[in-house]
Amino acid sequence: MSWMRDSSLNWAQKFALKVIKTGKIPRHVAFIMDGNRRYAKKLHLTTSTDGHVHGFDKLAEALQWCLDIGIEEVTVYAFSIENFKRDESEVNALLELAREKFNKFMEESDELNKRGICIRMIGNWKLLPVDLQKSMADAMLMTRNNNKAFLNVAFAYTSRDEITESIRDIVDGVKRNELESNDITDDLIRRCMYSGKSSDPDLLVRTSGESRLSDFLLWQASTSIIYFTKTLWPEFTFWHLLAGVFYYQRHYQSMHSVKRSLHQFSSVMDDESFTKDLEQVRQTSNIAEIETSSKLATFSQRATEFLEKFDKRKYNQLVELSTIKV
Ligand code: FPP
Ligand code: MG
């Protein structure tokens, strides 16, 4: 099954979309796609893996709804480091599903590039089989210059691991004399995370009735609006997504005030000038420069040079992985 769907909204959905578009649309939505195994059980499917296969199909559908709504960036929790503790057969099946889907991703490269979709894998790659690391590197390199829509797939990911690895990279920078301790800011830690090129999510949706974050984007979601729904992920519909966006619209103003007060001593910009600045950064650098809680991050000259080297190292690692023969 493909990563892409054609837009297929019926008249009622199109009408509801017009109404919701009169309000504020979240730029970045994150999903904890929970409930696949319960879905498999509910439908008496043969294995829990069947639930994950339906989960992937739902992801492809949901990505198209996000594009329909005008959501530019999506982050999904596809496989946590904790998931390695599941039955060996389930872990292997999830890794095999990822292999199959990333191969499919490469087959669909022309269409993905035509649609301007950039994919980024966020997670601890060292924990994954090398062939999968190579497929992920290929997918990232192939779409790295696209900037119409961003899809971040969290795989072998937990937030605490992401923060730990970011700090490790910064400590290495200090050891190499590329950084001094007063260059270390929360923005630098954020920028060195796996998701360092992404903005913070405006809305985070978790399905299946669980009301917790399960070590997902703990840093980035500090000012996100969080919407919990009882629906199992494979049963998630356009209407559930719209309900999430509506929930965001109802809570946006109060969260915006929180963000403003958080940054009252730093350079807070109003929404309009912030969006304009962000747009300019995107057009000139061809990447989504980091946006943290409604402000663009600023770094010292030394930290900026460190980040240039950091990005180059990460890029070289991708190129190295993609040249591996498997
Ligand atoms: C949580 O449901 C879901 C997962 C651990 C896997 C999610 C993966 C996909 C939707 C496929 C994505 C694949 C790619 C390649 C991006 P659960 O297993 O915890 O179900 P439960 O809560 O009912 O037990
Ligand atoms: Mg679960």
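Definitions and cut-offs
Residues numbered from 1 in each chain as written. Chains lettered and ligands numbered in written order. Predicted model: local features only at pLDDT ≥ 70, side-chain atom pairs only at ≥ 80, totals over all residues. Heavy atoms only, no water. Near = heavy atom within 4 Å. Polar contact = N/O pair within 3.5 Å; in protein donor to acceptor, adjacent residues only side chain to side chain. Areas by Shrake-Rupley, 256 points an atom, 1.4 Å probe, with all protein chains shown as cover. Phe/Tyr/Trp six-rings, centres within 6.5 Å; stacked < 30°, edge-to-face > 60°. Helix = DSSP H or I, 4+ residues; strand = E, 2+ residues; numbered from the N terminus. Buried < 20%, exposed > 50% of the residue type's maximum accessible area, 1.4 Å probe, protein only. Expected span 1.5 Å × (residues − 1). Contact = heavy atoms within 4.5 Å. Core = buried A, V, L, I, M, F, W, Y, C linked by side-chain atoms within 4.5 Å. Patch = residues over 30% accessible without salt bridge, like charges linked within 9 Å, V, L, I, M, F, W, Y side chains within 5 Å. Salt bridge = Lys/Arg side-chain N within 4 Å of Asp/Glu carboxyl O. Axes fitted to C-alpha atoms, helices over the stretch in contact; angles between N-to-C directions. Parallel < 35°, antiparallel > 145°, perpendicular 65-115°, else oblique. Left-handed = near helix turned anticlockwise from the far one by under 90°. Nonpolar A, V, L, I, M, F, W, Y, C, P; charged D, E, K, R; others polar.

Time to look at the site of ligand 1. Around ligand 1 lies a shell of 16 residues, among which Asp-34, Arg-37, Arg-38, His-52 and Arg-86 are the nearest. In the environment of ligand 1, an oxygen atom lies 3.2 Å from a nitrogen or oxygen atom belonging to the backbone of Asn-36. One of the side-chain nitrogen or oxygen atoms of Arg-86 is found 2.7 Å away from an oxygen atom of ligand 1. Burial of ligand 1 by the protein amounts to 93% of the accessible area it has alone, namely 630 Å².

Looking now at the packing of aromatic side chains. Scanning the model with the defined rule gives 18 aromatic pairs in all. The interplanar angle of 75 degrees and the centroid separation of 6.3 Å between the aromatic rings of Trp-65 and Phe-238 together place this pair among those described as edge-to-face. With a gap of 173 residues between them, Trp-65 in helix α3 (residues 48–69) and Phe-238 in helix α9 (residues 238–262) connect regions that are remote in the sequence. With respect to burial, Trp-65 and Phe-238 carry one shared label: buried. Clustering of aromatic rings is evident, with ring pairs tying together Trp-3, Phe-56, Phe-102 and Phe-105.

The next thing to look at is helix α6 (residues 130–143). Its 14 residues place the ends of α6 20 Å apart at the C-alpha level, agreeing with the 20 Å of an ideal helix rising 1.5 Å per residue. Within α6, 11 of the 14 residues are buried, which leaves the element mostly enclosed by the surrounding structure. Looking at the buried residues of α6, the elements they touch are α4 (88–107), α5 (109–114), β3 (117–122), β4 (149–157) and α11 (301–323).

For the rest of this paragraph, the subject is the environment of Gly-244. Its location among the elements puts Gly-244 in helix α9. Each C-alpha atom of the pair Gly-244 and Arg-206 lies 9.8 Å from the other, and the pair is 38 residues apart in sequence. With residues near it in sequence (within four places) discarded, Gly-244 still touches Leu-203 and Tyr-227.

Right, let's get into the side chain of Thr-75. Relative to the helices and strands, Thr-75 is located in strand β2 (residues 73–80). Within polar-contact distance, the side chain of Thr-75 engages the side chain of His-28 at 2.7 Å. A polar contact of 2.8 Å, which involves the side chain of Thr-75, links it to the side chain of Asn-152.

Quick look at unusual backbone geometry now. The backbone phi angle of Ala-156 is positive, close to 55 degrees, even though this residue is not glycine. When its relative accessible area of 0% is taken as the criterion, Ala-156 is described as buried. Although it is not a glycine, Leu-217 adopts a positive phi angle of roughly 50 degrees. As for its position among the elements, Leu-217 is in the loop between β5 (203–206) and β6 (225–228). The exposure class assigned to Leu-217 is buried, which follows from its relative accessible area of 3%.

Counting residues in hydrophobic clusters, the biggest one holds 58 residues, and the most contacted among them are Phe-31, Phe-102, Ile-119, Met-121 and Phe-155. Excluding residues within four positions of it along the chain, Phe-155 makes contact with Ala-78, Phe-79, Leu-94, Leu-95, Ala-98, Met-121, Ile-122, Gly-123, Asn-124, Leu-128, Leu-132 and Met-136. Counting residues in hydrophobic clusters, the runner-up holds 11 residues, among them Ile-170, Ala-303, Phe-306 and Leu-307.

The subject of this paragraph is the environment of Ile-324. Looking at where Ile-324 falls in the secondary structure, it is placed in the segment after α11. Look at Ile-324 and you get partly exposed, because its relative accessible area is 30%. Residues Ile-324 and Asp-131 lie 193 residues apart in sequence; the distance between their C-alpha atoms is 8.4 Å. Every residue in contact with Ile-324, bar those within four places of it in the chain, is listed here: Val-130 and Lys-134.

On the surface, Trp-11, Phe-15 and Val-19 cluster together into a nonpolar patch covering about 410 Å² of accessible area. For Val-19, the position within the fold is in helix α1 (residues 11–20).

The tally for this structure, following the rule as stated, stands at 30 salt bridges. A salt bridge links Glu-178 to Arg-176; its shortest N-O distance comes to 3.0 Å. When its relative accessible area of 14% is taken as the criterion, Glu-178 is described as buried. What you see here is one network of salt bridges that share partners, running through Asp-34, Arg-38, Arg-206, Glu-210 and Arg-212.

In the contact formed by α3 and α4, the axes pass within 10 Å of each other and the chain directions differ by 30 degrees. One way to sum up the angle between α3 and α4 is to call them roughly parallel. For the pair α3 and α4, the crossing hand works out as right-handed. The segment α3 lies against α4, with Ser-48, Thr-49, His-52, Val-53 and Phe-56 engaging Glu-90, Ala-93, Leu-94, Leu-97 and Lys-101. In terms of residue class, the contact of α3 with α4 is made up of 5 nonpolar, 3 polar and 2 charged.

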